[in-house]
Amino acid sequence: MLTETPFRPREKLLEKQRLFQSIQRHTYLKGPMDKVTSVAIPIALAASSLYMIGTGIYNMSNGIGKNE
C-alpha cells in the first residue's frame, strides 16, 4: 500500500509548534512578518486617510480646488 509523503518533515513541524506555543502573544502576532501585516499596514492606511481628510477640510475651508 502506498502512502503519501508529508508536505513538511515531522521535525520541522514540531519545531514550529514549539516556537508558536512558547510565544506569549496574540495569535495574529506570532509569526515573523505578522507585525507588518497586522500593525504597520493598518497604521499606514489610517495615517494616509487622516491626511487626505485634513487636506479636504483645509481646501473646503479656504475655497481651494473648486470646480466651476
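### Observations concerning the overall build of the chain
Regarding its fold elements, the chain presents two helices and zero strands. On C-alpha atoms alone, the chain measures out to a radius of gyration of 24 Å, which is more than a quarter above the 11 Å that the 2.2 N^0.38 rule sets for 68 residues. Taken along its principal axes, the extent of the C-alpha atoms in the chain is 80 × 35 × 10 Å. Put simply, the chain shows about 6700 Å² of open surface, and 62% of that area lies on carbon and sulfur atoms.

### Points about the environment of Gln 24
The residue Gln 24 is located in the loop between helix H1 (10-22) and helix H2 (34-62) in this model. Relative accessible area serves as the criterion here: at 72%, Gln 24 is assigned to the exposed category. Note: C-alpha distance between Gln 24 and Ala 44 (20 residues apart in sequence) is 26 Å.

### Points about H2
Here H2 contains 29 residues, and its C-alpha end-to-end distance of 42 Å stays within 8% of the 42 Å for a straight helix at 1.5 Å per residue. Most pronounced at Ala 40, the bend in H2 amounts to some 30°, and the proline Pro 42 follows within four residues. Looking one or two residues beyond H2, the residue adopting positive phi is Gly 63, at roughly 70°.

### Re a nonpolar patch on the surface
A contiguous nonpolar surface patch, about 390 Å² in accessible area, is contributed by Met 33, Val 36, Ile 41 and Leu 45. Here Met 33 falls in the exposed class, since its relative accessible area comes to 55%.

Rules behind the numbers
Residues numbered from 1 in each chain as written. Predicted model: local features only at pLDDT ≥ 70, side-chain atom pairs only at ≥ 80, totals over all residues. Heavy atoms only, no water. Helix = DSSP H or I, 4+ residues; strand = E, 2+ residues; numbered from the N terminus. Rg over C-alpha atoms; globule rule 2.2 N^0.38 Å. Areas by Shrake-Rupley, 256 points an atom, 1.4 Å probe, with all protein chains shown as cover. Buried < 20%, exposed > 50% of the residue type's maximum accessible area, 1.4 Å probe, protein only. Expected span 1.5 Å × (residues − 1). Bend = angle between axes of the 7 residues up to and from the residue. Patch = residues over 30% accessible without salt bridge, like charges linked within 9 Å, V, L, I, M, F, W, Y side chains within 5 Å. Salt bridge = Lys/Arg side-chain N within 4 Å of Asp/Glu carboxyl O.

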